[in-house]
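Single-letter residue listing:
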Amino acid sequence: MVMVVSLPPLKGAAVCEPLQLSMTPLALAAAGLFVVALCDDGVHVFDRTNSREVQHIDYSHDDAYVRLTQRLPAAGDAGGSCICLATSSQVLRLEPIAIEQQVRELLKRKQFDQALDLIHNTQQAAQASDLGDATAIAADAADAAGGRAQWHHIALAQAGLLLLLECEFERGLQLLQDLPPFVWQPCQLFSMFPDIMAGWLPRVPVRSYWGLHGQQLPPLAELVIDTLELRAATATTPRQQRWRQGQQSKLQLQQEHEQSVTYITASKQQMANYNSTASSPDSRQQQHGKSSSSRGSATSFRALPSSYDADPSVVEALVQQGKTAVAAYLSAVRVQPSMSMLDGIDTLLLSLLCDVGDAAAVELLVEGPNAAAAAAAAATLRAAGRWHALALLLMNNRQPQRALDTWKVGQPMVVACTIRFLRLALGVMS
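Residues numbered from 1 in each chain as written. Predicted model: local features only at pLDDT ≥ 70, side-chain atom pairs only at ≥ 80, totals over all residues. Heavy atoms only, no water.

Right, let's talk about the overall build of the protein for a bit. When you go through the protein residue by residue, the secondary structure sums to 17 helices and nine strands. Buried residues in the protein amount to 33% of all 430 residues. Excluding contacts between residues fewer than 6 apart, the proportion of contacts in the protein whose partners are at least 24 apart in sequence is 55%. Counting every atom, the protein has about 25,200 Å² of accessible surface; 56% of that belongs to carbon and sulfur. (Helix = DSSP H or I, 4+ residues; strand = E, 2+ residues; numbered from the N terminus. Buried < 20%, exposed > 50% of the residue type's maximum accessible area, 1.4 Å probe, protein only. Contact = heavy atoms within 4.5 Å. Areas by Shrake-Rupley, 256 points an atom, 1.4 Å probe, with all protein chains shown as cover.)

Below, the structure written as structure tokens:
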């Protein structure tokens, strides 16, 4: 069932399309450019100029009057600054907030689906409104040409980085892949692999965006362990809740013990200083400052070590999943123009492909055009035992003799049989 609600047009505007609701609203109010409809499934906010739904807010109530009358009091400010919905026990005040601020708050709360929906809907609406506006189109083109990021670019980059921190690698990298190069560069992932990319890290651009992910991404293994620990600490099963409560009780007892020990030590020291110090005003004033400092130190507690032990198999599985996702991402973006540090990208890609055991992709990379650092690439292939790939790399670098020598080392039986076959063939031909 679809409920159609007609709205009076704004002053000086064309007639609005009716609102499409899936159920009868309990309340309906308008303020400025927005219309709010409260239904049993929450609050729906509509843009009055085009009747499109711009936001859905979860809102539940348990009010006998509302259930009986099937209506809820609502009122909108004539100036368009707010809309109020009221039950017998609470009042919900809705105020227009900038979309950028709403997205930022949703990302802080890790409500990624709602944040991304809001970003994409806003972006599509802006593009639709700009279709016939030559000035807006020219402004967007000028921003792109000048390397100026729009707010939704920043929001998508921030969302992608936060998803990586949640170990949602494929989803986060897909968001980053769709961004223009002046907003995001693949080399910003180098911090996840510091052992491999140490030589490139000082040149990686640091972009904080909204700063919700910190300055840069942590190493991959550390990222995975931190995510697993956070999930365990915020889990809601009864057993995990009891575990958290036990850890909090231990922390509180440890802090109280350290506080009492520090206070007793400080008190003894004060008494000793008092008995051994002259009673002049200056000395008493200096001693008072020392004792105050001692008491103040009692409020600083040592951080207890984490008692969470991550399952090594789970950590390794997530690390491999992250490496596989990053390798697929780098394989897709390395051919795009305007890539910074392509030599580092190809070097990292080769290492990741070796780690995940994708022999076909390794050989395809080294056999074709690539910018991988020759020495680092050769060392990676030797460490992984990829002798055939190393020979292909040397051939691609125009070193046929070294390639043949490498092939002999890596494939001795194949080489011996091949040479014997060639000798036999030459003997027959002669």
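As a further point, take a nonpolar patch on the surface. On the surface, a nonpolar cluster with roughly 230 Å² of combined accessible area is contributed by Leu-33, Phe-34 and Val-54. Mapping Val-54 onto the fold places it in strand 6 (residues 52–57). Taking relative accessible area as the criterion, Val-54 reaches 32% and is therefore assigned partly exposed. (Patch = residues over 30% accessible without salt bridge, like charges linked within 9 Å, V, L, I, M, F, W, Y side chains within 5 Å. Salt bridge = Lys/Arg side-chain N within 4 Å of Asp/Glu carboxyl O.)

Spatial strand order, 3-4-5-6: four strands in an open sheet with antiparallel pairing. For this open sheet the edge positions go to strand 3 (27–31) and strand 6, each flanked by a neighbour on one side alone. Averaged over all neighbouring strand pairs, the angle between strand axes comes to 20 degrees, with direction disregarded. For strand 3 and strand 4 (residues 34–39), the ladder comprises five bridges, and the chain directions are antiparallel. Bridge pairing in strand 4 places Ala-31 opposite Phe-34. (Pairing = 2+ DSSP bridges. Axes fitted to C-alpha atoms, helices over the stretch in contact; angles between N-to-C directions.)

Positive phi is not limited to glycine here, since Gln-70 has a value of about 55 degrees. Note that Gln-70 resides in the loop between helix 1 (64–69) and strand 7 (74–76). Here Gln-70 falls in the partly exposed class, since its relative accessible area comes to 47%. Phi is positive for Arg-398, close to 65 degrees, though the residue is something other than glycine. Tracing the backbone through its elements, the reader meets Arg-398 in the loop between helix 15 (387–396) and helix 16 (400–410).

Strands sit in the order 7-8-9 across an open sheet of three strands; the sheet is antiparallel. At either end of the open sheet lies a strand with only one pairing partner, and these are strand 7 and strand 9 (91–94). Across the sheet, the axes of successive neighbouring strands diverge by a mean angle of 15 degrees, strand direction being ignored. As paired strands, strand 7 and strand 8 (residues 83–86) are joined by three bridges and run antiparallel to one another. Bridge pairing links Gly-76 to Ile-83 in strand 8.

Now for the pattern of salt bridges. One pass over the full model with this rule turns up eight salt bridges. The closest approach of N and O atoms between Glu-95 and Arg-93, which form a salt bridge, is 2.4 Å. Among the residues examined, Glu-95 registers a relative accessible area of 43% and is labelled partly exposed. Here Glu-100 and Arg-104 are joined by a salt bridge, their closest N and O atoms 3.6 Å apart. Taken as a pair, Glu-100 and Arg-104 lie in helix 2 (residues 99–108) at a separation of four residues, close to a single helical turn. Looking at Glu-100, the relative accessible area reads 32%, which means it is partly exposed.

Within the largest apolar cluster, 72 residues are counted, with the highest numbers of intra-cluster contacts made by Leu-189, Phe-190, Val-224, Leu-330 and Leu-381. Core analysis: the second largest hydrophobic core is formed by 14 residues, Val-45, Tyr-59, Ile-83 and Leu-85 among them. (Core = buried A, V, L, I, M, F, W, Y, C linked by side-chain atoms within 4.5 Å.)

Regular strands place side chains that alternate from one sheet face to the opposite one. Across five bridges, the pairing between strand 5 (residues 42–47) and strand 6 is antiparallel. Note that in strand 6 the partner of Phe-46 across the bridge is Glu-53.

Before going further, it helps to examine the side chain of Gln-158. By secondary structure assignment, the location of Gln-158 is in helix 5 (residues 151–165). In terms of polar contacts, Gln-158 uses its side chain to reach the backbone amide nitrogen of Trp-210, at 3.0 Å. The contact partners of Gln-158, leaving out residues within four places of it in the chain, are Leu-107, Ser-208, Tyr-209, Trp-210, Gly-211, Leu-212 and His-213. (Polar contact = N/O pair within 3.5 Å; in protein donor to acceptor, adjacent residues only side chain to side chain.)

A word on the pairing of strand 3. The two faces of strand 3 differ: Ala-27, Ala-29 and Ala-31 on one face are buried, but Leu-28 and Ala-30 on the other face are not. Counting the residues that bridge the hairpin from strand 3 to strand 4 gives two residues, and of these Gly-32 lies at a positive phi of roughly 60 degrees.

Let us look at the confidence of the model for the protein. Residues with a pLDDT of 70 or more make up 69% of the protein, whose mean pLDDT is 77. Every residue in residues 260–307 is under pLDDT 50, and counting partners more than four places away or in other chains gives 23 contacts. (pLDDT = per-residue confidence, 0-100.)

Our next topic: the state of the cysteines. Across all of its chains, the model carries zero disulfides by this definition. You can see Cys-84 has no disulfide; the closest cysteine sulfur is in Cys-82, sitting 4.4 Å from it. By relative accessible area, which is 26% here, Cys-84 ends up partly exposed. (Disulfide = S-S within 2.5 Å.)

Another point: the environment of Tyr-59. Tracing the chain through its elements places Tyr-59 in the loop between strand 6 and helix 1. Separated by 18 residues in the primary sequence, Tyr-59 and Asp-41 have C-alpha atoms spaced 7.4 Å apart. Residue contacts for Tyr-59: discarding those within four places in its chain leaves Leu-38, Gly-42, Val-43, Thr-87, Gln-90 and Leu-92.

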